Amino acid sequence: MSRLNVCILGCGKIAKLHSRIGKTLRKDLVFSYASRDAAKAEEYNRRFKGAGAFGSYEFACMSKDVDAVFICTPHAFHPEHAQLAAGNGKAMLIEKPIARSLSELAVIETAVSTAGVQCMVAENYYFKPLVRVIRQYIDNGDIGEPLFFELHKTGTSRNTGWRRDSDLMGGGALLEGGVHWVNLMTSICGPAREVCAAQPMVAYDHVAPVEDNLQLLVKFQSGTVGQLLHSWQTKNRIGGLSLSHVYGTEGNIAFESNGLWVVILGKRKRIRVPGLLDIMGYRAMLKAFVKSVRDDTRPDMSLAVARHDLELVFGAYRSLRSGRFEPIGALQTQPQIPALMERPALHEQTPTDTSP
């Protein structure tokens, strides 16, 4: 079969990353590019030796040369662009976060279901080698029954553009970046049942709307209790590395949060390096998408998985207001998120160019 022509909608920073990864899959995949700025699409097409360039998303989705689209625009525009792709019968891969709300996600779900096209969410953490290795030792019973899952990811972030705009973000750091770590937790621990969230109530310069530091306590359906510390505004003096754990009835697992190494101390003692060549899971993610389109099968990283992750995020935001555990998936829509919380300091947001 010839290579799958996947048109990237939105020529921004993330499109560069995916284009570099895509070069390693040249036998199966080729990218073309679309932007509201035709010159930018042409630039990306030349730079990454693509299959074509389009000066609008509409032209790309209507093209018979395009087999599928990769929606890399800001998530505020995902429902609009998913409807455009579905209306033209295109399979789609959609960047995370999938949307700003569950109601926006429902728009995407309806468009995909009505058109009967394949849709996968570009949640690369789902495909990280780290997840496979930890699940292997848990499933083998090496640490007995998992009791606690402790996940830490701290650091600083310099956000610009639409990431400083509360309307375009629809949430804060947990929605935009923390959803990666939410997915990692649910991929290892299974579906969540309840979540409680807390944030520091001290004065400091914030780098994101709504929240940029958050700690979650999650009760999973399996009975495991999870903790997530996610921060965009905490100094990390060891190059962004963090230490996380799984504690079981008969042992524990310690791991570097990004997946550099895993130490199993249970019925067996092991040190594992899960896979440095694709440590972030991007290559495996693109391969899975190509396979789902070619085989016309529902991808594992589906809209249903993304919905559960988003339900957990918005459950955490509700918890910030209520001060108690909130059920996951109890509400299908959310109120205006910035109104939910008060905090000591929040910079005024300056309108910025939102062009991808």
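Being a predicted model, the structure only gives us computed values, none of them experimental.

### What about helix 4 (residues 78-87)?
Phase 1 of the analysis: Judged by how many residues are buried, helix 4 sits mostly within the fold: 7 of 10 residues are covered.
Phase 2 of the analysis: Every buried residue belonging to helix 4 is among H78, P79, H81, A82, L84, A85 and A86, and all of these are buried.
Phase 3 of the analysis: Residue G89 follows helix 4 closely and has a positive phi angle near 70°.

### Overview of the packing of helix 8 (residues 173-189) against helix 10 (residues 303-322)
Phase 1 of the analysis: One way to put it is that helix 8 packs onto helix 10 with a least axis distance of 9 Å and a crossing angle of 120°. The pairing of helix 8 with helix 10 is recorded here as oblique in orientation. Where helix 8 crosses over helix 10, the two elements pack in a sense that is right-handed. In contact with A173, L174, L175, V179, V182, N183 and T186 of helix 8, helix 10 contributes V305, H308, D309, L310, L312, V313, F314, A316 and Y317.

### Remarks on the state of the cysteines
Phase 1 of the analysis: This structure, assessed with the given rule, holds 0 disulfides.
Phase 2 of the analysis: C72 takes part in no disulfide bond, and the closest cysteine sulfur, belonging to C11, lies 8.9 Å away.
Phase 3 of the analysis: C196 forms no disulfide, and the closest cysteine sulfur to it belongs to C189, at a distance of 17 Å.

### Digging into the sheet that holds strand 6 (residues 119-122)
Phase 1 of the analysis: Pairing is parallel across the open sheet formed by 6 strands, whose spatial order is 3-2-1-4-5-6. The open sheet has two edge strands with one neighbour each: strand 3 (53-54) and strand 6.
Phase 2 of the analysis: In this sheet, strand 5 (residues 91-95) lies alongside strand 4 (residues 68-71) in parallel orientation, the contact comprising 4 bridges. What sits directly across from V69, in strand 5, is M92.
Phase 3 of the analysis: Packed on one face of the sheet, helix 9 (residues 282-295) meets strand 1 (4-9), strand 2 (29-34), strand 4, strand 5 and strand 6 and runs near 155° to strand 5.

Conventions and cut-offs
Residues numbered from 1 in each chain as written. Predicted model: local features only at pLDDT ≥ 70, side-chain atom pairs only at ≥ 80, totals over all residues. Heavy atoms only, no water. Buried < 20%, exposed > 50% of the residue type's maximum accessible area, 1.4 Å probe, protein only. Helix = DSSP H or I, 4+ residues; strand = E, 2+ residues; numbered from the N terminus. Axes fitted to C-alpha atoms, helices over the stretch in contact; angles between N-to-C directions. Parallel < 35°, antiparallel > 145°, perpendicular 65-115°, else oblique. Left-handed = near helix turned anticlockwise from the far one by under 90°. Contact = heavy atoms within 4.5 Å. Disulfide = S-S within 2.5 Å. Pairing = 2+ DSSP bridges.

Everything listed is a geometric property; what it means functionally is a separate question.
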